[in-house]
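The primary structure of each chain is shown beneath.
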Amino acid sequence: MTHVVFDFPWWLRVEHFLNIIFVTFFIRSGIEILGTYPRLHRNVHNIAGKQWAEFTVKSKPKHKYYAVGSEYENYSPVISLPGKGLLGLGRYWHFIAVMGYVTCFIIYYVLLFVTGQWLRYIPPSWGTFAQAGRDIVTYLAFSQPEHVPGYPFNAAQMMAYGFAIFILPPFMIITGMFQSPAVNSHWPKITRALGGRQMIRSLHWWGLMAYLGFVIGHVAMVFLHGYGHEVSKMVFGNTESPVAGGVIFTIGLAFVVFLHVWATKASLTKPRTVEKFHNVIVRPLTRRLMKLESRQDWDPNNVSENFRASGCPPEIDEYMALIVHNYEDYYLEIGGYVERPMTLTLAELREIADGYEQTTMHNCVQGFSSIGRWGGVPLHVLLDMAKPLPGATDVMFKSFQCMGRDDNLYPEGFYYESCPMMEAMQPQTLVATNLNGENVPIKNGAPMRIRQEISTGFRSAKWVERIEVVNRYDIVGKSRGGWFEDFDNYDRLQMI
Ligand SMILES: Nc1nc2c(c(=O)[nH]1)N[C@H]1C(S)=C(S)[C@@H](COP(=O)(O)O)O[C@H]1N2
Ligand SMILES: [Mo]
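Here goes a summary of the coordinates provided. A quick note: this is a predicted structure, and the numbers were derived from the prediction, not measured.

## Points about the side chain of E73
With respect to the helices and strands, the residue E73 is situated in the loop between β2 (53-54) and α2 (87-115). The class of E73 is buried, set by a relative accessible area of 15%. Residue contacts for E73: discarding those within four places in its chain leaves G35, P38, F55, T56, V57, K58 and G85.

Next comes the structure, spelled out in C-alpha cells:
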C-alpha cells in the first residue's frame, strides 16, 4: 500500500463539495430542532430543573397545562433552518440531508478503501500524535508546520481530518439513529447501553459542537495557508492555478449560500413543496423503519414520576360530563371499514386487557422523553375482533379535544391522528386505559389514549373517542392524516 500517491482524486473533491452542503444543512436544521426543546438532560425522565444546559431565556409556561408549541424557541432564519420555531420543516431538512449524506458517505468510504487513500489519515507512527501537538503550537505562533513526509498535510491536519472523517460521522449517525423511536424501541438494550434517550441527545449535541469547532478551525487554516492555494486543491486537485481555483471555489460557495437561502424561503412560503420533496427522499426509509417491531422492556419499577404532558385537555361539555360521572358513560366506538363495528365500555376494555401491561419510553417529537407503564388492549386484538374489510389501509383516531378552543395556538377542529394498518398491527400499539397501575390521568389522555410506540409522541392521540378503520385517510382534515401533520408540517410516518 505504500505505493499509493496521496493526491486529491476527483471523487474526493466532489465529496468535499457535497459535504459542505450537507454539513451546513445539518447544522442549521439541527439548531432548529434543538430550539423546540432548548434544554439538554442526561436523565431519560427529563426532570424539570435538572437540565445541564439551556438555550433559551424563556421560562417554562406557568400554567399547569400548556399548548405544545409554547416553549419553542424561535431562532432567527439567519441561524437556523428555517427559523421561527418551525420544527416540522427543520426536521424535513435534517432528514433530507441525512439521506444524501449517508449515500455519499458510503460511496466515499468505499472509494477511500478501494484506492488506499484512507491510509493518508492513518498516522505513520505514534510520534505523529506528539507532532500534532507541536504543530498546534506552531500555528499559535502564526507559522506553518511541516508536512508529514510523504503526506499532503501536517500532523495536526491529519488528526483533525481523521477525526472528522472516521470518528465524527459514525458517532453522529449512531447518536442520531438512536433518537428515532422506531430504532430505540426495537433495540432498547442498545439505547440503554448508550446512556439512554437524553444522554444520546446530549451526545449528538456535542457532535454538533465538534462540527462547529472543526468547521471554524478548518476555514481558519485555509485562510492561514492561503485561500486560493488551498481551495484550488479541492477544485483542480493541485495548487498550480490558485487564482482560477479560488474563483471557481468561491462560485461554489455562493451556490451553497443560494441553496440555503432558497431552502429557508421555500420553507417559510411554500412548505408544501418542501414536504413533497421530503416525502420522496425520506419516506422510503421511514416505511422501512415501520417494519421494526417495538419490543420495549423498560424497568416497570423505574417509571417517570411526572410523565410530562403535552397539550391541553378537552373542555367540551361532553368530556366534562364524562369526568363528572367517572367515565361510566364512556364507550369507545370501533367502526368504519370493518365487518363488525363495536362499542366497548372502559370495564369491557379492561376485561379484554386482562392485566396486559407494557413499560415503554415516550419520544416527543420535540425531544423530551418519559417512561410509563401502560395498561390496556393491544390494538391488533380489537382489530381482530372488528375484522377490517379487504382493502382497509389505515386506522384513524378521533379525540374529544377541540383544538381551537382548548389549545389556543390552533384553529377550530378536533384533534385526530391516523396510522397505516401495519403500524396499527404492531405488537405494542396500544389502546391504553391505565398508566402506572392507575386510570390514565386527565393530562395524559383519560379515559383512553393510543400508544404508538414506534413513532414520535404526537401520533399517540389522547382523549380518544372513536377508532375508525378506513380505506383512505386523505379525505379527512387537510388530508395529511393528522392534526399536527395538517398544521405543523409533521410527517405522518414520524418514525424518526
Ligand atoms: N388529543 C391530543 N393528543 C395528543 C396531543 C394533543 O395535543 N392532543 N399531543 C401529542 C403530543 S405532541 C405528545 S408529545 C403526546 C404527549 O403525551 P403525554 O401528554 O401523555 O406525555 O400526546 C400527543 N397526543
Ligand atoms: Mo410532542
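## Considerations on the pairing of strand β3 (residues 331-336)
Sheet analysis places β3 next to strand β4 (residues 342-345), joined by four bridges and oriented antiparallel. Counted as the bridge partner of E333 is T343 from β4. If you look at the hairpin formed by β3 and β4, you'll find five residues sitting between the two strands. As paired elements, β3 and strand β12 (residues 464-470) share four bridges and run parallel to each other. Along β12, the bridge assignment pairs G335 with E468.

## Comments concerning the sheet that holds strand β7 (residues 394-402)
Strand order in the open sheet made by the five strands is β4-β3-β12-β7-β8, with mixed pairing throughout. The strands lining the two open edges of the sheet, one partner per strand, are β4 and β8 (414-420). The sheet shows a mean angle of 20° between the axes of neighbouring strands, direction not considered. Contacts from helix α12 (residues 346-353) reach β3 and β4, with the element oriented near 90° to β4.

Cut-off values and rules
- Residues numbered from 1 in each chain as written.
- Chains lettered and ligands numbered in written order.
- Predicted model: local features only at pLDDT ≥ 70, side-chain atom pairs only at ≥ 80, totals over all residues.
- Heavy atoms only, no water.
- Helix = DSSP H or I, 4+ residues; strand = E, 2+ residues; numbered from the N terminus.
- Buried < 20%, exposed > 50% of the residue type's maximum accessible area, 1.4 Å probe, protein only.
- Contact = heavy atoms within 4.5 Å.
- Pairing = 2+ DSSP bridges.
- Axes fitted to C-alpha atoms, helices over the stretch in contact; angles between N-to-C directions.

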